[in-house]
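# Architecture at a glance
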Amino acid sequence: MGGYQASLSAACGIIPSPLIAQMPMKVLGIETSCDETGIALYDSEKGLLADALYSQIELHQKYGGVVPELASRDHIRKTLPLIREVLDKADCALSDLDGIAYTAGPGLAGALLVGGSIGRSLGMTLNIPVIGVHHMEGHLLAPLLEKNGPEFPFVALLVSGGHTQLVEVPEIGRYTVMGESLDDAAGEAFDKVAKMLGLPYPGGPHVAKLAEPGTPGRFDFPRPMTNRPGLDFSFSGLKTFTMNTVEKNKVNGVLDEQTRADIAWAFQEAVADTMVIKCRRAFKHSGLKRLVMAGGVSANLRLREKLAIMAKEEGGELYYPGFAYCTDNGAMIAYAGCMRLLAGQQDDLSILAKPRWNLETLPSLS
Ligand code: KG4
Ligand code: ZN
């Protein structure tokens, strides 16, 4: 993977293009990093013009997780039809596009290459600038698509299937990771606990639904890494604790419905409380009072509720994307790419695919 990644990206660099910096732009966003094909058209003056999403959940569900090769093949089938659909919805033609943004990483190598190849080729054909966007920068900026989005600076809690990070954000493009998960990401933990409880992939929304009739206080799960200082997370111990609780409470090899709900509740509560403790600490550590949560797990209502209370107690405010823009989508990529293109950045002719990519290495906009 390393050599192949290097050969794709070694020649890549950002070329400043000050000429386009002052003009309004219509940017096509292409997201194909995992199991969702997301396409969107963002206008720097009018906002989001149209978007469309194709989820591969059904394709992967019978395997209990994403099968990378199947994901790539499906992105190949869906990306161009979705681009056509989005342009039609926005009543635009390819010739109306001023720029293209595609997810360049992190993600599945083959899946990234699909969006990258299509985005780069379209850009070359249309002779417009193209930029490879960091998927987590996309998530992080998604709340700015909302009418009352946050002002800078803020603390961002990124909680997705692959990442759990607390990031200090003074402005677009400047990111300092204050803490992150040392093992499983929050979404990954939700997905694994879902499996233990016999729920389908991706598990987060199913665990949340199962937890609704759960009995508060029946099980008391640990809040990992909260009794020592620091902003890092760890969810693997909590996952094992959940597994042990599942096994201990089975009667004749099965869990009764109420016990399943009670375990889901206790797990969700432990994750949410852990996030609350760490975010409160991040406020203290940074002196900031605006909290942005983004990524798939930010769709979790209990987590939103608890973080909103914490932010208020600290004299601050919580911001999150609309439901459709918590999980993977093309709009966040179009937006993040548009901000960079407007700042005069664009890539050279390489196709970028970086399965691993450190958010802190991104260039700032200034
Ligand atoms: O951001 P995302 O769509 O993809 C990645 O970049 O990984 O996040 C997907 C993750 C999955 O692990 C899914 O189970 C989780 O987000 N998720 C949730 C909820 N909705 C999605 N987790 C908890 N509660 C939810 N309501
Ligand atoms: Zn994501």
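Residues numbered from 1 in each chain as written. Chains lettered and ligands numbered in written order. Predicted model: local features only at pLDDT ≥ 70, side-chain atom pairs only at ≥ 80, totals over all residues. Heavy atoms only, no water.

### Side note on the overall build of the protein
Here is the rule we go by: Secondary structure is summarised from DSSP: a helix means a run of H or I of at least four residues, a strand means a run of E of at least two, and numbering begins at the N terminus for each. It is over C-alpha atoms that the radius of gyration is taken, and the globule rule equals 2.2 Å times the number of residues to the power 0.38. The rule is simple: take the accessible area with a 1.4 Å probe, protein chains only, and divide by the maximum for that residue type; under 20% is buried, over 50% is exposed, in between is partly exposed. Contact criterion: two residues are considered in contact whenever any of their non-hydrogen atoms come within 4.5 Å of each other.
Within the protein, the secondary structure is distributed over 11 helices and 12 strands. The C-alpha atoms of the protein give 21 Å as radius of gyration, which agrees with the globular expectation for 366 residues (21 Å, within 12%). Based on the C-alpha atoms only, the size of the protein along its principal axes is roughly 65 × 45 × 40 Å. By the burial criterion, 55% of the 366 residues in the protein qualify as buried. For the protein, restricting intrachain contacts to residue pairs at least 6 apart in sequence, the fraction spanning at least 24 positions comes to 75%.

### A few points about a negative patch on the surface
Let me state the cut-off plainly: In this scheme, patches are assembled from residues that exceed 30% relative accessible area and form no salt bridge. Like charges are connected within 9 Å, while nonpolar side chains (Val, Leu, Ile, Met, Phe, Trp, Tyr) are connected within 5 Å. For accessible areas, the Shrake-Rupley method is used with a probe of radius 1.4 Å. Any residue's cover is judged against the shown protein chains and nothing else. We define a salt bridge as a contact between a side-chain nitrogen of Lys or Arg and a carboxyl oxygen of Asp or Glu at a distance within 4 Å. Residues scored as positive are Lys and Arg, those scored as negative are Asp and Glu, and His as well as the terminal groups of each chain are ignored. In plain terms, the charge of a residue is placed at NZ if it is Lys, CZ if Arg, CG if Asp and CD if Glu.
A contiguous patch of negative charge, built from Asp-88, Asp-91, Asp-96 and Asp-98, is present on the exposed surface. With respect to the secondary-structure elements, Asp-96 resides in the loop between α3 (68–89) and β5 (99–105). Taking the relative accessible area as the measure of exposure, Asp-96 reaches 34% and is therefore partly exposed.

### Observations concerning the site of ligand 1
Which entries qualify depends on this criterion: One heavy atom within 4 Å of a molecule or strand makes the whole residue count as near it. We define a polar contact as two N or O atoms separated by no more than 3.5 Å, with the added condition that, inside protein, one atom must be a possible hydrogen donor and the other a possible acceptor, whereas residues neighbouring each other in sequence contribute only through side-chain atom pairs. Side-chain classes are defined by residue name, with Ala, Val, Leu, Ile, Met, Phe, Trp, Tyr, Cys and Pro counting as nonpolar, Asp, Glu, Lys and Arg as charged, and the others, Gly among them, as polar.
With respect to spatial proximity, 19 residues lie near ligand 1, and among them His-139, Gly-161, Asp-191, Gly-204 and Gly-296 are the closest. Take Gly-162: an N or O atom from its main chain is 3.4 Å from an oxygen atom of ligand 1. One nitrogen or oxygen atom from the main chain of Gly-296 is found 3.0 Å from an oxygen atom belonging to ligand 1. When the free accessible area of ligand 1 is taken as 560 Å², the share hidden by the protein chains comes to 88%. Going through the elements one at a time, α5 (135–141), α6 (186–196) and α7 (204–211) are the ones with two or more residues in the shell around ligand 1. Looking at the shell around ligand 1, the element that brings in the most residues is α6, giving 3 residues. Across the shell around ligand 1, the residue classes break down as 5 nonpolar, 12 polar and 2 charged.

### Regarding the sheet that holds β5
Just so we agree on the cut-off: Paired strands, in this sense, are two strands between which DSSP finds at least two bridges. Angles here are taken between N-to-C directions and fall from 0 to 180 degrees, while the axes themselves are lines fitted to C-alpha atoms, restricted in helices to the stretch in contact.
Sheet architecture is open: 5 strands sit in the order β4-β3-β2-β5-β6, paired in mixed fashion. Unpaired on one side and paired on the other, β4 (47–55) and β6 (130–134) mark the two borders of the sheet. Ignoring strand direction, the axes of neighbouring strands in this sheet form an average angle of 20 degrees. As judged from the 6 bridges shared by strand β2 (residues 26–31) and strand β3 (residues 36–43), these two strands associate in the antiparallel manner. When the sheet's bridge partners are listed, Val-27 is paired in β3 with Tyr-42. Most of the contacts of helix α11 (residues 330–342) go to β2, to which it runs at about 130 degrees, and overall it touches β2, β3, β4, β5 and β6.

### Some words on the pattern of salt bridges
Taken as a whole, this structure holds 23 salt bridges when the rule is applied. Here Asp-262 ties to Arg-218 by a salt bridge, and the two come within 2.8 Å at their closest N and O atoms. With a gap of 44 residues between them, Asp-262 in helix α9 (residues 257–286) and Arg-218 in the loop between α7 and α8 (236–248) connect regions that are remote in the sequence. Two residues, Arg-223 and Asp-220, come together in a salt bridge whose shortest N-O distance is 3.9 Å. One connected set of salt bridges, linked through shared partners, spans Asp-220, Arg-223, Glu-269, Asp-273, Arg-302, Glu-305 and Lys-306.

### Quick notes on the confidence of the model for the protein
Threshold: For every residue, the predictor states its confidence as a pLDDT score lying anywhere from 0 to 100.
With 94% of its residues at a pLDDT of at least 70, the protein reaches an overall mean of 94. The element-level mean pLDDT for the protein is lowest in helix α1 (residues 2–9), coming to 34, with β2 highest at 99. Counting interchain partners and residues more than four positions distant, the pLDDT-below-50 stretch residues 1–12 has 19 contacts. Confidence over residues 16–20 falls short of pLDDT 50; this stretch has 7 contacts with residues more than four positions distant or in other chains.

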